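Close look at the chain arrangement
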Amino acid sequence: MAQMTGAKMVVQALKDQGVDVVFGYPGGAVLPIYDEIFQQNGIRHILVRHEQGAVHAAEGYARSTGKVGVALVTSGPGATNAVTGLTDALMDSIPIVVFTGQVPTFMIGSDAFQEADTVGITRPCTKHNWLVKETDALAHTIHEAFHVARSGRPGPVLVDIPKDVQFATGAYTTPRQMKSHYQPAVKGAIEGITDLVAAMEKAKKPVFYTGGGVINSGPAASQLLRELVEATGFPITSTLMGLGAYPASGDKWLGMLGMHGLYEANMAMHDCDLMINIGARFDDRITGRIDAFSPKSKKAHIDIDPSSINKVIQTDIPIVGDVGHVLEDILKVWKARGRKTDKEALASWWARIDGWRKVDCLSYTPSEKTIKPQYALERLEALTRDRTDRFICTEVGQHQMWAAQFMGFEEPNHWMTSGGLGTMGYGFPASIGVQLAHPEALVINVAGEASWLMNMQEMGTAVQYRLPVKQFILNNERLGMVRQWQELLHGERYSSSWSEALPDFVKLAEAFGAKGILCTDPADLDDAILEMLTHDGPVIFDCLVEKHENCFPMIPSGKAHNEMLLGAAETQGVIDAKGSVLV
Amino acid sequence: MSPLKIKKGSTSHSAYNLRPTFSDTQERHTLAVLVENEPGVLARVIGLFSGRGYNIESLTVAEVDHTGHTSRITIVTTGTPQVINQITAQLGRIVSVHEVHDLTVEGRSVERELALFKVTGRGEDRVEALRLADVFRANVVDSTLESFVFEITGTPEKIDAFADLMRPIGLVEMARTGVAALSRGAA
Ligand SMILES: Cc1cc2nc3c(=O)[nH]c(=O)nc-3n(C[C@H](O)[C@H](O)[C@H](O)COP(=O)(O)OP(=O)(O)OC[C@H]3O[C@@H](n4cnc5c(N)ncnc54)[C@H](O)[C@@H]3O)c2cc1C
Ligand SMILES: Cc1ncc(C[n+]2csc(CCOP(=O)(O)OP(=O)(O)O)c2C)c(N)n1
């Protein structure tokens, strides 16, 4: 076994894991590793401007490639700055490995300079973490970290490496020598699969409810999902996290479901007789009021994490396994049993769905004077739709929901958003990670001005590495989503939901050496978007939009799917006291 | 016993009140959790219980395989069947956890706890204390002219009963280990 220093082992292990990019920020406790990075060429280090940015960039890289994203930060403040990103990745099941420096082992516990109990702090926000106290164990630990991050339900892991362990010499072990007892099962039990197929054959009002698990499972799972949907003719909806697994242009597509999902999707969920959950977790944005959630349906749930099953909603047909493996078996069994569905019942189910579709729930009042945010996204969609290499990231808020509603995703891994944690400041660094993974692609971050400011320092990163990320800011000069809730729930008392003292975004772009575009008139919008698209470099697009537009449809907190609000006229007094304690 | 018996369509008090759609009877379960004996593993298990709001009635831990570095954690917990199910599933997804057994559903098991009782007193009380200790098969492990320390093993209920009887006689301090449990039979 090759002998080398711990610092060198880190670099060697990254190479052996196929890592090409590391997002990071140096400091005293990781200097030996930075020294090794300096002396090689295989791994590119991207210097972010804040450790939170490094972790979100690693998330964007991971989600857009299906690979494990990597970040490297120093001890103490470097590690604590990474906590939000770790929590974000945990909630959204994103595989990343974060390396933190630590004070030398002999100083741990002495309140040493820049010491923090990093494994203690990050224990609840990682899938697993390790403090490595011996150089001999380092390489193995790193390989296991990658294994844990990507196996089963993916998630963030952290490896904390004291400085003396980086300096000391030890034996390197290769990925093939790595042994881990962590081996989650991927095959679903055949009983459940057969039960589900039998239910599919009889279903009169079925619906596929798909989620981020399909994306996690890999592109093959999306392919199988498409095959299953086309073969059965069942309607399909998806959560925010699963967009792109089934193409938005497909005729079985109902659009996103949930709190800000489409009317037809939510009504289909409410009225169905068979709900087939594939890699989604019955999040409260989906279920609304639990006891009124799809009251008459039989529910099947395919999930690789046994704890997701029966956590929120009682399941009739639980199937623990990987989406790809389970879908393959479902197709096999369904075909072997004669490819049966109740065609007549399906036709009348589709007729009802078409009735709901006619409601046209995304319609909004157009304006010739101000840019409606929905209009801005319709135009962005129209002008970029034909680019198959288009990746969309978002921040968090109304713009995020409008992006999900008005943009169409044809492929998995092309949509990066913070769903579970809802982290403002996610989108910009994520777009940097995506662009690094796909240098030639069109990467757009649909942002709100407030969210965007939370990690705006990453402009430096975008400019330094010539990353042509497009920051498409729907600027309503409001914390729009908060303002909407205050309008509906708190008597229009807009407490601290204004974005005051905003920067001049064009000048801000220029100050960083990037291009800024301001657009205020709907008539100029197309030209301005085209100017953004043709510019070869990072752009901040300041799109001044209607300030008090609300995001509809909306299922108010504490309401059922069939109590959806479709527009402004219906909003008076709809959320009762019980609903208003919910978020 | 099926932990999945659910009352359909029951009303809830809050939209987020997830429990009422499931059975709301409280059950007491004993879980055996085999873990990698590595630093922080106990914190992971305890953090799971506090972070997700589960109850711990008792928890014991010790390394049981010195060569394989595995420890056995025995947890007594209470909750609805759905919560108990969640607890076992959540424990199972901790990377350093190798096995989780719900001894309460997996068949018959034996449960034992050890306790030390300090009883002080003079005269008649001392005689009575010794007589009760004999009935409960408790051993005297320390004695002075004014005190005894008794050692007793048994089910938690037996220890509770012993404590109830000793309290009026002069029980002043007690230490309990928490439950250790194994399934009965060869399996
Ligand atoms: C402001 C805001 C509003 C929102 N509104 C909505 C909304 O209207 N609609 C909406 O849908 N969401 C909305 N969200 C997002 C929401 O909060 C959740 O993040 C999202 O609904 C969860 O998606 P999911 O169920 O697909 O689960 P994910 O978080 O993607 O979890 C994936 C599930 O799949 C499982 N899994 C992972 N890998 C595999 C595999 N290989 N095989 C099988 N299973 C696997 C996991 O165990 C997990 O249970 C909103 C978020 C924000 C911030
Ligand atoms: C870090 C963080 N802090 C606070 C919130 C609560 N929050 C959710 S949306 C929102 C407003 C977002 O405003 P903006 O980015 O301008 O987007 P808009 O809703 O206006 O489109 C806030 C404050 C959050 N999600 N994340």
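Up top is the structure.
This write-up is about the structure you can find in this document. (Residues numbered from 1 in each chain as written. Chains lettered and ligands numbered in written order. Predicted model: local features only at pLDDT ≥ 70, side-chain atom pairs only at ≥ 80, totals over all residues. Heavy atoms only, no water.)

Brief notes about the overall build of chain B
In terms of helices and strands, chain B carries four helices and eight strands. In chain B, the succession of helices and strands from N to C terminus is β-α-β-β-α-β-β-α-β-β-α-β. Looking at chain B residue by residue over its 187 residues, the buried ones come to 42%. Long-range pairs, those at least 24 residues apart, make up 70% of the contacts in chain B with a sequence separation of at least 6. With an accessible surface of roughly 9,900 Å², chain B has 53% of that area assigned to carbon and sulfur atoms. (Helix = DSSP H or I, 4+ residues; strand = E, 2+ residues; numbered from the N terminus. Buried < 20%, exposed > 50% of the residue type's maximum accessible area, 1.4 Å probe, protein only. Contact = heavy atoms within 4.5 Å. Areas by Shrake-Rupley, 256 points an atom, 1.4 Å probe, with all protein chains shown as cover.)

Focus: the overall build of chain A
A tally of regular secondary structure across chain A gives 24 helices and 20 strands. Its C-alpha radius of gyration of 24 Å places chain A within 12% of the 25 Å reference for a compact globule of 583 residues. With respect to the three principal axes, the spread of C-alpha positions in chain A is 70 × 60 × 45 Å. Considering only intrachain contacts with a sequence separation of at least 6, the fraction spanning at least 24 residues in chain A is 76%. For chain A, the accessible surface area stands at approximately 21,200 Å², while carbon and sulfur atoms represent 53% of it. Side-chain charges in chain A split into 52 positive and 67 negative, and the spacing between the mean points of these groups amounts to 5 Å. (Rg over C-alpha atoms; globule rule 2.2 N^0.38 Å. Lys, Arg positive; Asp, Glu negative; His and termini not counted. Charge placed at Lys NZ, Arg CZ, Asp CG, Glu CD.)

Remarks on the site of ligand 2
All names here are of chain A. Near ligand 2 there are 17 residues, and of these Gln398, His399, Gly422, Ser451 and Gly480 occur at the shortest range. Note that an oxygen atom of ligand 2 is positioned 2.8 Å from one of the backbone N or O atoms of Gly480. Take Met481: an N or O atom from its main chain is 2.9 Å from an oxygen atom of ligand 2. Look at ligand 2: alone it shows 580 Å² of surface, and the protein chains cover 76% of it. (Near = heavy atom within 4 Å. Polar contact = N/O pair within 3.5 Å; in protein donor to acceptor, adjacent residues only side chain to side chain.)

Brief notes about the nonpolar core
In globular proteins that are soluble, nonpolar side chains generally tend to be buried together. All names here are of chain A. Counting residues in hydrophobic clusters, the biggest one holds 103 residues, and the most contacted among them are Ile330, Leu377, Phe472 and Phe541. Sort the elements by how many residues they give to this core and helix H14 (residues 323–336) lands first, with seven residues. Look past the residues within four positions of Phe541 in its chain and what remains in contact with it is Gln471, Phe472, Ile473, Ile517, Cys519, Leu525, Ala528, Ile529 and Met532. One finds Met416, Val443, Leu467 and Ala514 within the second-largest nonpolar core, a separate group that totals 44 residues. (Core = buried A, V, L, I, M, F, W, Y, C linked by side-chain atoms within 4.5 Å.)

What about the site of ligand 1?
Residue and element names in this part refer to chain A. Taken together, 37 residues lie near ligand 1, and Gly212, Thr239, His260, Arg281 and Asp303 sit nearest. One nitrogen or oxygen atom from the main chain of Met259 is found 3.1 Å from an oxygen atom belonging to ligand 1. A distance of 3.1 Å is found between a nitrogen atom of ligand 1 and a backbone nitrogen or oxygen belonging to Ile304. Protein coverage of the free-state accessible area of ligand 1, which is 1,000 Å², stands at 96%. Elements with a contribution of two residues or more to the shell around ligand 1: helix H10 (212–217), helix H13 (284–287) and helix H17 (398–406). By residue number, the principal contributor to the shell around ligand 1 is H10, which donates four residues.

Topic: the side chain of Glu449 of chain A
Counting through the fold element by element, Glu449 of chain A comes out in helix H19 (residues 449–454). There is a polar contact of 3.0 Å between the side chain of Glu449 of chain A and the backbone nitrogen of Arg478 of chain A.

Brief notes about the state of the cysteines
Inspection of every chain in the model, using the stated rule, returns zero disulfides over all chains. Cys551 of chain A takes part in no disulfide bond, and the closest cysteine sulfur, belonging to Cys361 of chain A, lies 10 Å away. (Disulfide = S-S within 2.5 Å.)

Considering the pattern of salt bridges
For the structure shown, the criterion picks out 31 salt bridges over all chains. In this structure, the salt-bridge partner of Arg176 of chain B is Glu113 of chain B, at a minimum N-O distance of 3.0 Å. Of this pair, Arg176 of chain B sits in strand S8 (residues 171–183) while Glu113 of chain B sits in strand S5 (residues 109–120), and the two are 63 residues apart along the sequence. On the basis of relative accessibility, which here comes to 33%, the residue Arg176 of chain B falls in the partly exposed class. By relative accessible area, Glu113 of chain B is classed as buried at 7%. Here the salt bridges do not stand alone but share partners, grouping Arg153 and Asp305 of chain A together with Arg93 of chain B into one network. (Salt bridge = Lys/Arg side-chain N within 4 Å of Asp/Glu carboxyl O.)

Re the sheet that holds strand S7 (residues 147–154) of chain B
All names here are of chain B. On the basis of which strands lie adjacent, the open sheet formed by four strands has the order S6-S7-S5-S8 and antiparallel pairing. A single partner strand is all that each edge strand has here, and the edge strands are strand S6 (139–143) and S8. Strand-to-strand twist in this sheet, taken as the mean axis angle between neighbours without regard to direction, amounts to 15°. Across eight bridges, S5 lies against S7 in antiparallel orientation. In the sheet register, Ala115 faces S7, and the bridge partner there is Ile152. In the packing of helix H3 (residues 124–135) onto the sheet, contacts are made with S5, S6 and S7, and the angle to S7 comes to roughly 15°. (Pairing = 2+ DSSP bridges. Axes fitted to C-alpha atoms, helices over the stretch in contact; angles between N-to-C directions.)

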